[in-house]
Amino acid sequence: MRRPSPGLLARHSWICTGCRVRARASYSSATNLGKSKNLPQTPARTRFAPSPTGYLHLGSLRTALFNYLLAKRTGGQFLLRIEDTDQKRTIPDAEQRLYDDLQWAGLNWDEGPTIGGPYGPYKQSERTSTYRTHAHDLVSNGHAYRCFCSSERLDSLARHRNAAGLSVGYDRQCANISAAESEERASKDETHVVRLRANNYPMFNDLVYGKTGQNRPKSKLDMIERVWDDPILVKSDGHPTYHLANVVDDHLMDITHVIRGTEWMPSTPMHVALYNAFNWTPPSFGHVPLLVDKEGQKLSKRNADIDLSSFKDKQGLFPETLVNFAALLGWSHTQKSDVFNLEELEQIFNLKITRGNTTVAFEKLWFLQKAHAQRAAATNSPTFQDMITRLSNLVQENIPTKQLKPILQSRTVSDYITPILHADVKSYTTASEFLQRNATFFTTTLTRQPYIPTSANGKEPIPMNALHTAAAALSLVPDAHWTVDTHRANISSYDGCNAAPPSLAESESSKEEAEDSKKARLAADKRFKKELYHYLRWALSGGAPGPGIPETMAILGRQESVRRLNEGKMLTTEPDEGEKVKKDDGPEKDQNKAWMGSLAPR
Ligand code: GLU
């Protein structure tokens, strides 16, 4: 029989069963759970049950995430259970790393190691006596038996069957040892294992794959030399196997839904057989598909089935990015965008999980990283602060102070980086890529290729002196007004075709002609602006992509911007024009108004 009900309701163990049923029904109608056919109607109690024989990787993060989301979406609980029955393969720091990685991803467990809970302990190595008692119960009622066969005998049985082309299995030599003899041999410490007497492995209804199971027909030969798949429940060292511990714990911990990788699907009928032997109701099972690379190969260490530290520490992915990426591996939704954070996923998750292998396309990872970078900047979240810290450290580690000083002036590295990050956050993938992309902000010595104007498409190219004049007008803005807004307004209002009022002839001409002339002027202005942006980017940042021009000028500050613009002018001035340039450059102009560019009153 199933133990008392799961979820929030389970905390009040004194509530009568009828009340629980009613409470669950009202819960599910309040949360609209009943409306989705891909969601359980009542709060799900799920668990993530890693073995500390390895670190968390993309596939296991996804398993943990789906279990977490199912619990959160249905108002249930998410448990963490450490399945450390295989002590020989345990990696010493794996357990701590699992905790750290799950917490980093935001998958905090409601019950489990480090925080405890009403169904603990949550580490299988601390529950050995529970498994022993349960195995003993099965031996007592005949659903399991002790097997005293030596490994030599089992080896020779396997060899014989193999040579005869028969399926592998156990011939149940020990299944008929009397209870008294079995007890006596065990009490004399005779080496033995405990096997489940598994007469059939039932089919089960998988939440993802539908009705499934083994049910493989036996060949005639198999029937003559009959064998059974009687799985070992207790090993000869007295420790439980994964199968026994997993089933006992899922039952005792009141787990309602088991979401796990398809690699466990072949074991599930055996688990169901074990539930039946205990006379327990099995939980619902949902197996999530295998992750494969673009060639259809299972993700491996070579093709990026790397542990989480590589994503978070080496690649510098945000937890939001990796969680979002993992959620999209095999789960489909009907939202307009693919960008979700954990809280949003908690609201929309369901069990619409695709069958068949899931191809992992890592390009998506970087798309999501950029999307979450923008969200982080917009909300000034801890992730944004983290980006600033990473970038500041990288700058300090890689750029000599002597080089930085003139560019920072009185600003700190992080004060300087913050607006750069805001201005170019849409391109943020990793700190080092970001710095490389924006390297021109961190040096006063720019290397520029010779200036190449944009293609004039058969039209007269924009004269360089027109661009120099525009740049000079932008340079006249005094320090106090040296802001993004001023520059944006100045550039967009700068009239590239010398906005003289329409001539008398123009104004007297027909309406149509006036319209044409207006169009031509607009086109000329557009062409001029395009060239101006191109020129300014070349002059200010050597043509490197990055923040917009107004932002670049504001970040660099007046002194450095003007210096770069002058440098650009020198590099694009014909030698014979040089003299003229100098003469025109005098400070005597009406500087008070000139900085306003063509905004200035005429
Ligand atoms: N300990 C198993 C693993 O590490 C858990 C499998 C399951 O979820 O039942 O994959």
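Starting from 1, residues in each chain are numbered consecutively following that chain's sequence as written. Restriction of local features to residues with pLDDT of at least 70 applies here, the model being predicted, together with a cutoff of 80 or more for giving and counting side-chain atom pairs; totals for whole chains, interfaces and linings are based on all residues. In computing side-chain values, all of the structure's heavy atoms are included and hydrogens and water are not.

In the annotation of an unreviewed UniProt entry, the entry for the chain reads Glutamate--tRNA ligase, mitochondrial, and the organism field reads Aspergillus ruber. The Sequence similarities (unreviewed entry) comment attached to the chain in UniProt states, word for word, "Belongs to the class-I aminoacyl-tRNA synthetase family. Glutamate--tRNA ligase type 1 subfamily." UniProt positions are given in the numbering used here, feature names are shortened, and annotations may be inferred rather than shown by experiment.

In this text, near means that some heavy atom of the residue lies within 4 Å of the molecule or strand in question. Around the ligand, a shell composed of Arg-47, Ala-49, Pro-50, Ser-51, Glu-83, Tyr-242, Asn-246, Arg-260 and Trp-264 is seen. We define a polar contact as two N or O atoms separated by no more than 3.5 Å, with the added condition that, inside protein, one atom must be a possible hydrogen donor and the other a possible acceptor, whereas residues neighbouring each other in sequence contribute only through side-chain atom pairs. Trp-264 has a polar side-chain atom sitting 3.1 Å from an oxygen atom of the ligand. Using a 1.4 Å probe, the Shrake-Rupley method yields the accessible areas, and only the shown protein chains count as cover for residues. Taking 290 Å² as the accessible area of the ligand by itself, protein coverage stands at 83%. Residues that form the shell around the ligand fall into these classes: 4 nonpolar, 2 polar and 3 charged. Put simply, Ala, Val, Leu, Ile, Met, Phe, Trp, Tyr, Cys and Pro go in the nonpolar bin, Asp, Glu, Lys and Arg in the charged bin, and everything else, Gly too, in the polar bin.

When two cysteine sulfur atoms lie within 2.5 Å, the pair is treated as a disulfide. One pass over the structure, following the stated rule, counts 0 disulfides. Summary of cysteine pairing: Cys-149 is not part of a disulfide, and the nearest cysteine sulfur, belonging to Cys-174, is at 3.6 Å. Buried residues are those whose accessible area, probed at 1.4 Å on protein chains only, stays under 20% of the maximum for their type, while exposed residues exceed 50% and partly exposed ones sit between those limits. Overall, the relative accessible area of 5% leaves Cys-174 in the buried class.

Moving on, we get to the nonpolar core. Here the nonpolar core consists of buried residues drawn from Ala, Val, Leu, Ile, Met, Phe, Trp, Tyr and Cys, with membership extended through side-chain atoms lying within 4.5 Å. Counting 51 residues, the largest nonpolar core has Met-387, Tyr-416, Leu-421, Tyr-428, Phe-442, Tyr-535 and Leu-536 as the members making the most contacts within it. The secondary structure listing takes helices from DSSP runs of H or I that are at least 4 residues long and strands from runs of E that are at least 2 residues long, numbered from the N terminus. Elements that contribute at least two residues to this core include exactly α14 (363–379), α15 (382–398), α16 (401–408), α17 (413–424), α18 (431–437), α19 (464–475), α22 (511–541) and α23 (549–571). Ranked by residue count, the leading element in this core is α22, at 7 residues. The contact definition used throughout considers only heavy atoms, calling two residues in contact when any of these lie within 4.5 Å. Contact partners of Tyr-416, with chain neighbours within four places excluded, come to Ile-407, Leu-408, Arg-411, Phe-441, Phe-442, Ile-555 and Leu-556. Formed by 49 residues, the second largest nonpolar core is a distinct cluster that contains Leu-61, Leu-102, Leu-107 and Phe-349.

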